[in-house]
Amino acid sequence: MSPIDSTLIHLAFAVLLLPLAGFTLLIFFGKRIPRQDLIETGILFVALAISIYIMVQKVFFIAEPRIDFTFRWLDLGALIGHPGFTIDLGIAIDNITAIMLVVVTLISSLVHLFSLAYMEGDVRYSRYYAYLGFFSFSMLGIVLSNNFLMMYAFWELVGISSYLLIGHWYEKKSASDAGKKAFIVNRIGDVGFFIGIMIVFTQLHTFLFSGVFAGIAEGHLSGPLLTAAGILIFCGAVGKSAQFPLHVWLPDAMEGPTPVSALIHAATMVAAGVYLIARVFPMLTADALTVIAYIGAITAFISATIAIAQNDIKKVLAYSTVSQLGYMVMALGVDAYSAGFFHLVTHAAFKAGLFLGSGSVIYAMHHEQDMRQMGGLRKKMPITYWTFVVFSLSISGIPLTSGFLSKDSILGGSLAYGMLTGNYLIPIIGYSVVFLTAMYMFRLIIMTFHGEPRDVHKYEHAKESPKVMTIPLIVLASLSIFVFYSFNPLNPEKGWFLESVTKPESVVPGYQKYSWDFLQVKLVEKHPGETGVTNSGETFVTTNAYQMELERIHYTGLFLSLALALLGIFTAFLIYDWKKIDAEKLKQRVKPIHTFLYNKWYFDELYGATAVAGTLLLSKSFAWFDAHVIDGIVNGAATLIRLWSRLSGSFDHYVVDGLVNFSAWFTGLLGRGLRKVQTGRVQTYIVFALLGVIVIFYVFKQF
Amino acid sequence: MAVHIGLTQFLVVSAILFSLGLYGVITRKNAIMVLMGIELILNAANINFVAFTRYGAMNISGQVVAVFVIILAAAEAAVLLAIVLNIFQQLNTVNVDEVDNLKN
Amino acid sequence: MQYQFLGIGYLTWITFLPVLGMAVVLLIPKASTNAMKWTALIATVLQLVVAAVIWINFKPGLTGINDPNGFQFVEKYRWIDLPGVAWFGHVAVDYFLGIDGLSIPMVILTALISFVGVVASWNINKAHKGYFALYLLLDTGMMGVFVALDMFLFYVFWELMLLPMYFLIGIWGGPRREYAAIKFFLYTLFGSVLILLVMLALYFSVVVKDPATGQMMHSFDMLAMMNPQNFDPNSLLAGIGTYWRYVAFIALFIGFAIKVPIFPFHTWLPDAHVEAPTAISVILAGVLLKMGTYGFLRVSFPIFPDAILKFAYPLAILGFINIVYGALCAMAQTDFKKLIAYSSISHMGVVLLGIAALNTQGVAGGVLQMFNHGVVTAMLFLIVGVIYDRAHTRGLNDFGGLANQMPVYTGIMTIAFFAAIGLPGLSEFISELLSYLGAFQAFRWVAIFSSIGIVLTAGYMLWTLQRVFLGQLPDKWKELSDVNGRELVALVPLMVVVIILGVYPSIMLHPMSSTLNHLVDFVHKVGTGMTAVK
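Now for a quick tour of the structure. (Residues numbered from 1 in each chain as written. Chains lettered and ligands numbered in written order. Predicted model: local features only at pLDDT ≥ 70, side-chain atom pairs only at ≥ 80, totals over all residues. Heavy atoms only, no water.)

### Side note on the pattern of salt bridges
Residues and elements named next belong to chain C.
And then number 1: All told, the structure shown has 26 salt bridges over all chains when counted by the stated rule.
And then number 2: Measuring nitrogen to oxygen at the nearest pair gives 2.7 Å for the salt bridge that ties Asp271 to Lys183. Of this pair, Asp271 sits in helix α10 (residues 268-275) while Lys183 sits in helix α7 (residues 177-205), placing them 88 residues apart in sequence. The residues Asp271 and Lys183 share a single accessibility class, namely buried.
And then number 3: Where Asp521 meets Lys525, a salt bridge forms, and the shortest distance between an N and an O atom there is 3.5 Å. Placement of both Asp521 and Lys525 in helix α21 (residues 506-527) is noted, with a separation of four residues, approximately one turn of the helix. For the pair formed by Asp521 and Lys525, the shared burial category is buried. (Salt bridge = Lys/Arg side-chain N within 4 Å of Asp/Glu carboxyl O. Helix = DSSP H or I, 4+ residues; strand = E, 2+ residues; numbered from the N terminus. Buried < 20%, exposed > 50% of the residue type's maximum accessible area, 1.4 Å probe, protein only.)

### Some details on the interface of chain A and chain C
It is common to give the size of an interface as the accessible area that goes away when the parts come together.
And then number 1: On the chain C side, the residues contacting the 52 residues of chain A number 59 residues.
And then number 2: Carbon and sulfur atoms make up 72% of the area that chain A and chain C hide from each other, which totals about 4900 Å².
And then number 3: One can count one salt bridge joining chain A with chain C.
And then number 4: Here Lys183 of chain C ties to Asp631 of chain A by a salt bridge, and the two come within 2.5 Å at their closest N and O atoms.
And then number 5: Run the count over chain A and chain C and you get 18 residue pairs in polar contact (both at pLDDT 80 or more).
And then number 6: Counting residues per element, the ones that place at least two in the side of chain A that touches chain C are β1 (66-75), α5 (148-166), α6 (173-204) and α26 (603-675) of chain A. (Contact = heavy atoms within 4.5 Å. Buried area = accessible area lost by both parts, 1.4 Å probe. Polar contact = N/O pair within 3.5 Å; in protein donor to acceptor, adjacent residues only side chain to side chain.)

### Details of the packing of aromatic side chains
And then number 1: Evaluated as defined, the whole model comprises 78 aromatic pairs over all chains.
And then number 2: Geometrically, the ring pair formed by Phe10 of chain B and Tyr55 of chain B is tilted, given 5.8 Å between the ring centres and 50° between the ring planes. Taken together, the residues Phe10 of chain B in helix α1 (residues 7-27) and Tyr55 of chain B in helix α2 (residues 31-55) connect sequence positions 45 residues apart.
And then number 3: The cationic tip of Lys380 of chain A hangs over the ring face of Tyr459 of chain A; the distance from NZ or CZ to the ring centre is 5.3 Å.
And then number 4: Over the face of the ring belonging to Phe96 of chain C we find Lys76 of chain C, whose NZ or CZ atom lies 4.4 Å from the ring centre. (Phe/Tyr/Trp six-rings, centres within 6.5 Å; stacked < 30°, edge-to-face > 60°. Lys NZ or Arg CZ within 6 Å of the ring centre and 35° of its normal.)

### Re the interface of chain A and chain B
And then number 1: Taken residue by residue, the interface counts six residues in chain A and eight residues in chain B.
And then number 2: Considering only the surface of chain A that becomes buried against chain B, Gln683, Ile686 and Leu690 of chain A emerge as the three largest contributors, covering 67% of it.
And then number 3: Our count for the chain A to chain B interface comes out at zero salt bridges.
And then number 4: Where chain A meets chain B, there are two residue pairs in polar contact (both at pLDDT 80 or more).
And then number 5: Classifying every residue of the side of chain A that touches chain B gives three nonpolar, two polar and one charged. (Nonpolar A, V, L, I, M, F, W, Y, C, P; charged D, E, K, R; others polar.)

### Focus on the nonpolar core
One broad rule of soluble globular proteins: the nonpolar side chains tend to lie buried together.
And then number 1: Residues Phe148, Met283 and Phe341 of chain A together with Phe304, Leu402 and Phe418 of chain C are the most contacted members of the largest nonpolar core, which totals 455 residues.
And then number 2: In terms of residues, this core owes the most to one element, helix α14 (residues 360-391) of chain C, which gives 18 residues.
And then number 3: Not counting the four nearest positions on each side in its chain, Phe304 of chain C is found in contact with Val198, Leu202, Leu237, Arg245, Ala248, Phe249, Leu252 and Val299 of chain C. (Core = buried A, V, L, I, M, F, W, Y, C linked by side-chain atoms within 4.5 Å.)

### Looking at the packing of helix α1 (residues 3-29) of chain A against helix α4 (residues 125-144) of chain A
Residue and element names in this part refer to chain A.
And then number 1: Between α1 and α4, the shortest axis-to-axis distance is 8 Å and the interhelical angle comes to 155°. Our classification of the angle between α1 and α4 gives roughly antiparallel. Read as a crossing pair, α1 and α4 show a hand that is left-handed. Here Ala12, Val15, Leu16, Leu17, Pro19, Leu20, Phe23, Leu26 and Ile27 of α1 come into contact with α4, specifically with Ser126, Arg127, Tyr129, Ala130, Tyr131, Gly133, Phe134, Ser136, Phe137, Leu140, Gly141 and Leu144.
And then number 2: Of the residues in the contact of α1 with α4, the class split is 16 nonpolar, four polar and one charged. (Axes fitted to C-alpha atoms, helices over the stretch in contact; angles between N-to-C directions. Parallel < 35°, antiparallel > 145°, perpendicular 65-115°, else oblique. Left-handed = near helix turned anticlockwise from the far one by under 90°.)

Without other data, these values stay purely geometric and don't point to any function.
Structure representation (structure tokens):
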């Protein structure tokens, strides 16, 4: 390991452990240290600085794709004739790690800063900062780990810090319920992840990503089992990234403080699922990727439709987050690896911005979250408003924003994928969600900032938030501009970001992966100059068909998405601002659909009636079974034995003892009879003696 | 007809005498009569002893025993008569059935 | 002999120190209850010190199980020697103690939990003399089980701890204590009878040469029982894979299963826990349950390797049932203590799953889980004890919002709960992970279905946490005070162990691993008819 590499590894450990140190400090001495909040915030900014250094070094100056540091954590020795059982752990830095480090520390430090004002005077202020520190530690652990085990461990730890932070105001039942729900729903996904890890470990005897990929490349894990492993590991992402069907926890998680929502439930933790898929991307088979693509697309669509009908500002953003995460997952599923990860990063910036912006609004409105009570805030809160607009444009995918670059790449990828594989549903959903996204985002802006104030009293007291809250917004808004990622506002391909984030080589055996080269004969017909013939006589395309298709549909896709986004914005203005279409009337006309969407497709009700009620019923019936049947058998056996003992007691009393008493009684009877003989007269006795002699005489005469 | 007198005749006489004695002992209520029955039994035994001396293998010891029995009978008669006399003086009866003071 | 103090071996010290303490307690006048408490405390602290000394001097890397040279701190003397007994011939029983990598975690656990138990017994309020005397006797019984290598001795210790337990529950317990104590006693005694029968059958089957006299004789030596060549060819249990060996294995299994407890022999546990005083619950869950699984590994597996290879799958399925059934039953409870009792059943299922796998990681995970569950569940019962001492109720629905009223308490409790959930960084995570990994390698589907337990555990634990600690504080609990110093003395050491083993489990796994590897190797080789490896 070269000196610079080892420096980077040391620094990465520093980044990882600094927030943990902060957490420990705050938990044990929280009450005794003045301004604990500033300590924790300062720690995060130091971590941010180190992370930026690591990223710049790694992305721009180090050629090797990956710096690995591994140590032996556990050695259980070996059986004779068996490979030993060892567990190696460690951290690794490659380009996506380095970028994620910056994303996490950046958002985290901005959120720390924002919370200084937002959480001021909270009952558990130092506890709040401690948990934020713990979350940052766990999230950085996910980012840095180079193996499945640490990944899973930190995966659980972010889950628990999310649980603690959602339930920060645990006096409210809804908050503690939401925390519990989040953890348990995540756990369901994690069990899948866990089983996936077990498959991988059992087959390949290592947790290290590098070892696993090498093992798969050597063919030690393939076929349906590999697909199953991929899908099961993806289950973890389904839970954490709130994908259908486990998306129900994320909207409830909005019970937590708004900066927490921005950090955990918008920018970083929920993106961990996407990061996980990106990490294990080389081992995903074509079948697994197809599943991933469909799950992503379905999620994106369902949550976008729900977002349109919500009135709580945070709920809208929550469903928007779910929808965008669906996009990212879909992108990875359609093999648009770089685009998916790109969207993760841009989304982290603008969605954190949106949440912090909504936090700013909620702060100004004294913890009012219902958009129907807002309106006209544009004049009162100009910074919040304008940054909010930038974020919304970015999420809607309007040119010059970062969101346009990443989203367009995803849509292009999905279109190419649809064309090549025939899964047309995926691009169709992808494009329709563009329209929905633009519409619900501008519905939100219009209802919150435009028009007349609806709650005049609260409006009067509303004012622009303090600087510690607006500075993060401004930073994030500027990061939502294209220039940070690529100098070409229409095509990110040549920007540093996509240059440094390249799709890793798949290690999946050939027949199980997308081999775009063999796909469509149509393509061969389109590009006759670039075809060849294999040894077995098949025709193939010499260049990358996927890349070719991407370039071919690039502009079509671009204009289509732009048109749909603009249409969405236009519709929002038409209905909510200019009121050309009466929203209420529209609502009445499509009442069943609206109710259906307003109630979030009834997922909570469905799960409540099936999974939750089923488990509770099962647990109640098992407890009953235990108390009555099993314990009943035990007690029944005891009763039986008691009964038996009573029976044998009676036997003893009446039969055994009865026999004894009977013999006594019989002897008495005999005695009473014989007493009559005893007359006391000698003469009688002599007669008896005589008779006796005669009897004896006769008896002995025989002999 | 010359009757040969042998052991059998002695034994028959002795048995008759014994039976008469026994009858007396069993049936009489008078203590004196009972005493006489006992004397008859003893003498029946004496006849037997003497007869066995003469015909059997007892030699002289049969006669010796008979003499002992006579002495014993005399002593017994003396003691018993004394007892009966005392009983009569005490209870005014010699009926053995009425002498049942020990019974209650 | 090495490792002696005052001419007496360390293992004898660690086993009989509590009896010394008991003698002192019995001599103390009835009124000086404090002196009794301190005597008990000093006895257990000394025991803990001896345990630490043993731990420090313990050499990892030795085998043990069936190999007399693999044991450490061995003490072997002739205990009972009857040269000419009618029918039986020469009867001899050895006082044979020794530890290997399988017993060392249990010895440490017993010493630790016994100490914690005394601290938790501080507020016992009647018949102090009897309580502490019995408590110390119980301690000796438990420790003896974990160090005995002669089966007769093992059985004596096994029974020795039964009677004190009966009285400790039956006299110092809750309202239904008599019922619970009798249920516990009879249930366990039933198991003991089965163990006794198998022990006798083994005794009459094994013939070894007595080193002292050179004559061939029967033996209670467990190590001798592990060698198939020592069995008299005409005896009941000779051979491999014979009918009576399976019967004996199952009888022995039931005897140990009652202690674990394995479904469906588990119903004594919730009753005993609910009625027992806090310290006794701690001992019961912390140490006694482990005796069952320890018995499997020490006695059943190496003596009947053929049978365990045959019954491994059913054993794993029982593990699965324990996990899921225990978790679901726990979810339905409204009594805090009962909930934790059922969670013990669920967690002990993980041990079964691990050891049934019979591979390195599974057995190591199972044994580590025995230790970790002992520590964590002891914490949980202490936690219930703390709240019960103050509020005199254990109803989960009676509480709420304690997090604000008792913050330190809530913090410690959170760690214990998270450890029970299997959160990474806390001890139970790694042992469950290893157990599941082992089970997955051996029985894939059982492991997959068992992992439902991971979700269920999170469900009932978090639900409990919410019901007791979160939400609004009812007015009647406004007076509750936070944990006091004495309770911290009991809780903090356990918490430290939980965290240390969560981050770096090698501390505990390293000394065990070679013994457990040897066990796995031995079972597979002997069980399939290959000759024993030395």
